[in-house]
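# Geometric and topological summary
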Amino acid sequence: MIFELDDLDARFPPAELAEEDGLLAVGGDLTAQRLMNAYHNGIFPWYSDDSPILWYSPHERFVLFPEKIRISKSMRQTLRSGKFRVTTDTAFEKVIKSCAAKERKDQDGTWITKEMQEAYIRLHQIGIAHSVEVWQEDQLVGGLYGISSGKAFCGESMFSHVSNASKIALIWLCHTNLYELIDCQIYSEHLATLGAEILSRDLFLPYVKP
């Protein structure tokens, strides 16, 4: 059953009622209150410009425990090289726009719509959404952004303009010790090589509760 959300009520139905593909609800809006209610309950928006807002809560999540991140020997050498500089929350808008513009294999267009960008920029302005930026000299060459929810960082997207830049952002985030878990949402081979693993929704939810 897919639930239709009330524009005047920012609450969500229980995440365990999601469809097999994770789809739980449709409609609503992207206000800060609704988005935070979503993330605290293991739900996130994922849709395109030509569809209403769709809300998902997969039965299994792809997550990374920071202490389990795998760093290859060559990656360690890159980190020590001094070629890159890492910052946080200094260029959020540039990061989210770069993620939206990045061409991805087997993907037509972007799910990071203009509406989504504006909503997450608002969340950043109130200290809920965060970015990690990777610079080469004065050029932004990679980064990621996401939401801080409970003990977890709910990653939304990452990008690289040069090799390894997004990996550097993720490794840096893991080494901050700010989070017990990084939510990667759905499986990707790239993140699996870094140590991400499948976690059931029941085990995942306590990490994102406020």
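For the structure given in this document, a descriptive report is provided here. None of the values given here were measured: they were computed from a predicted structure.

## With respect to the sheet that holds strand β4 (residues 54-56)
With respect to topology, four strands assemble into an open sheet ordered β1-β2-β4-β3, the strand pairing being mixed. Where the open sheet ends on each side, the last strands, each with one partner, are β1 (3-5) and β3 (44-45). Pairing analysis gives three bridges linking strand β2 (residues 23-27) to β4, with the strands arranged antiparallel. Along β4, the bridge assignment pairs A25 with W55.

## Description of the pattern of salt bridges
Scanning all chains against the criterion turns up four salt bridges. The shortest N-O distance in the salt bridge between R34 and D29 comes to 2.8 Å. R61 serves as the salt-bridge partner of D183, at 2.7 Å between the closest nitrogen and oxygen. With a gap of 122 residues between them, D183 in strand β10 (residues 181-183) and R61 in strand β5 (residues 60-64) connect regions that are remote in the sequence.

## Here's the deal with unusual backbone geometry
What is expected of a backbone is that most residues other than glycine have negative phi and most peptide bonds are trans. Positive phi values are uncommon outside glycine, yet D89 reaches one of about 60°. Its identity is not glycine, yet Q185 carries a phi of approximately 70°, on the positive side. Of note, Q185 is situated in the loop between β10 and α6 (189-192).

## With respect to the sheet that holds β10
Pairing between the strands of a sheet comes from backbone hydrogen bonds, and it takes one of two forms, parallel or antiparallel. Ordered by their spatial adjacency, seven strands build an open sheet running β6-β7-β8-β9-β10-β5-β11, and the pairing between neighbours is mixed. Across the chains shown, the open sheet's two edge strands, defined by having one partner strand only, are β6 (85-88) and β11 (197-200). Taking each pair of neighbouring strands and ignoring which way they run, the sheet shows an average axis angle of 35°. For β5 and β11, the ladder comprises four bridges, and the chain directions are antiparallel. Directly across from R61, in β11, lies its bridge partner L199. Strand contacts of helix α3 (residues 92-101): β7 (129-136), β8 (139-149) and β9 (152-160), with the helix running at about 100° to β8, the strand carrying the most contacts.

## With respect to the packing of α3 against helix α4 (residues 114-125)
Where α3 contacts α4, the axes come no closer than 10 Å and their chain directions differ by 155°. As the angle between them shows, α3 and α4 are arranged roughly antiparallel. The way α3 lies across α4 gives a crossing that is right-handed. On α4, the residues that touch F92, E93, I96, K97 and A100 of α3 are Q117, Y120, I121 and H124. Among the residues making up the contact of α3 with α4, the classes are represented as five nonpolar, two polar and two charged.

## Brief notes about the pairing of β5
Put simply, side chains in a regular strand alternate between the two faces of the sheet. Taken across its five residues, β5 has four buried, putting it largely inside the fold. Two strands pair when backbone bridges link them, and β5 and β10 are joined in this way by two bridges, in the antiparallel orientation. Across the sheet, the residue bridging to L64 is I182, located in β10.

What counts as what
Residues numbered from 1 in each chain as written. Predicted model: local features only at pLDDT ≥ 70, side-chain atom pairs only at ≥ 80, totals over all residues. Heavy atoms only, no water. Pairing = 2+ DSSP bridges. Helix = DSSP H or I, 4+ residues; strand = E, 2+ residues; numbered from the N terminus. Salt bridge = Lys/Arg side-chain N within 4 Å of Asp/Glu carboxyl O. Axes fitted to C-alpha atoms, helices over the stretch in contact; angles between N-to-C directions. Contact = heavy atoms within 4.5 Å. Parallel < 35°, antiparallel > 145°, perpendicular 65-115°, else oblique. Left-handed = near helix turned anticlockwise from the far one by under 90°. Nonpolar A, V, L, I, M, F, W, Y, C, P; charged D, E, K, R; others polar. Buried < 20%, exposed > 50% of the residue type's maximum accessible area, 1.4 Å probe, protein only.

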